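Structural description and commentary
As a plain string of letters, each chain reads:
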Amino acid sequence: ATETFAIGINMPAKTVVFTNTRKWDGKEIRWVTSGEYIQMSGRAGRRGKDDRGVVIQMMDEKMEPAVCKGILYGDPDPLNSSYRISYNMLLNMLRVEDVDPEYLLRASFHQYQQESEAPALEAQADQHDAEAKSIEVVPGGTEEDVALVGEYFGMDRQLLLTQRKMIKVQRRPEHILPFVQSSGRLIDVTIDGENYGWGVIVRYRKKAGTGTAGSAGQAAVDAAGGAGVHAIDVLLSCVDRHFDDTSQAAEARREEDLANLGLLWRGTSQHCRPAGAADGPEVVSMREFTVGLDSIDRIS
């Protein structure tokens, strides 16, 4: 069953069994989040009948300790309003007598979230505006110099858009697959907006079928141009994100984490960040990441 079953039906159980800890979310196959795990495992234990509930995980693949810790002890999923205003909603409100649409919108949780974030956003906007006004585009230059800089900036933006279109064409399976199916080739990888630099291809594999998502999974594959069914395991240099934690508890575990660093081999963008010039060699490790064709920026 899914977390939908755990939410929608009042059916507590004595034991909850996870036959798989990965799921298809409509875009990719990923590990279950901490909130999903809590929601489903919380069904274990019947009130008034059981002293405790039992949760069993059937592991069918290797799981990194950091991933397991994130599932079991991670923060719950953030609560965000999905309230969306549409023309039909407003028209239906106007049809009902003695209903004030503006009052209902102001009293919604969505409006509360927007208003609570407004002061910080306004302060940030004022700061950026002050910084922008203090910048001299051409120190001591004329208006003609400033116009030339603006023209150069426009050309640079156009060049960037052209490069992105070229990369999109290069990433199409019919163009790039012949070059990534052999191990040992170097590729420049960007994952979730972070560039990890050059890495070595370990293996290429093609995901068979659409899994348990059925027609929805097939539609997602078609929308991605077939790129989502290709998986590439690549060896990348990275730093575990918990080394960035400067709290006292993290410093106390630092020596143990450094000693266990060589035991970790699987990397994800959630738990590992790109290695930088300021990172010491003791915290940098080589991890095996699984990426898709849309994560490749350049290829050797």
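Residues numbered from 1 in each chain as written. Predicted model: local features only at pLDDT ≥ 70, side-chain atom pairs only at ≥ 80, totals over all residues. Heavy atoms only, no water.

1. A closer look at unusual backbone geometry
In the Ramachandran plot, Asp-192 falls in the positive-phi region, its phi being about 50° despite a non-glycine side chain. Here Asp-192 lies in the loop between strand 5 (186–191) and strand 6 (194–206). For Asp-192, a relative accessible area of 65% puts it in the exposed group. (Helix = DSSP H or I, 4+ residues; strand = E, 2+ residues; numbered from the N terminus. Buried < 20%, exposed > 50% of the residue type's maximum accessible area, 1.4 Å probe, protein only.)

2. Notes on the packing of aromatic side chains
Taken as a whole, this structure holds three aromatic pairs when the rule is applied. Where Phe-109 meets Tyr-112, the ring centres are 6.2 Å apart and the plane angle is 20°; that geometry is what we call stacked. Highlighted residues: Phe-109 and Tyr-112, both in helix 6 (residues 109–134), separated by three residues, approximately one helical turn. On the basis of relative accessible area, Phe-109 is assigned to the partly exposed category, the value being 39%. Here Tyr-112 falls in the exposed class, since its relative accessible area comes to 55%. Summarising the aromatic geometry, the rings of Tyr-196 and Phe-289 are spaced 5.2 Å apart at their centres and angled 55° between planes, so their arrangement reads as tilted. Taken together, the residues Tyr-196 in strand 6 and Phe-289 in strand 9 (residues 284–291) connect sequence positions 93 residues apart. (Phe/Tyr/Trp six-rings, centres within 6.5 Å; stacked < 30°, edge-to-face > 60°.)

3. Observations concerning the side chain of Ser-34
In this fold, Ser-34 is placed in helix 2 (residues 34–41). A relative accessible area of 5% means that Ser-34 is categorised as buried. Polar contacts involving the side chain of Ser-34 include one to the main-chain carbonyl oxygen of Ile-71, which spans 3.5 Å. Other than its neighbours up to four places away in sequence, Ser-34 contacts Gly-70, Ile-71, Gly-74 and Asp-75. (Polar contact = N/O pair within 3.5 Å; in protein donor to acceptor, adjacent residues only side chain to side chain. Contact = heavy atoms within 4.5 Å.)

4. Some words on the pattern of salt bridges
Where charged atoms from two side chains of opposite charge come close, those side chains can pair. Throughout the structure, instances matching the rule amount to 15 salt bridges. We note a salt bridge from Arg-241 to Glu-194, for which the minimum N-O separation is 2.6 Å. Residue Arg-241 is located in the loop between strand 7 (230–240) and helix 10 (248–252), and its partner Glu-194 is located in strand 6; the two are separated by 47 residues in the primary sequence. Relative accessible area serves as the criterion here: at 28%, Arg-241 is assigned to the partly exposed category. Because the salt bridges share partners, they merge into one network encompassing Arg-203, Arg-205, Asp-233, Arg-266 and Glu-288. (Salt bridge = Lys/Arg side-chain N within 4 Å of Asp/Glu carboxyl O.)

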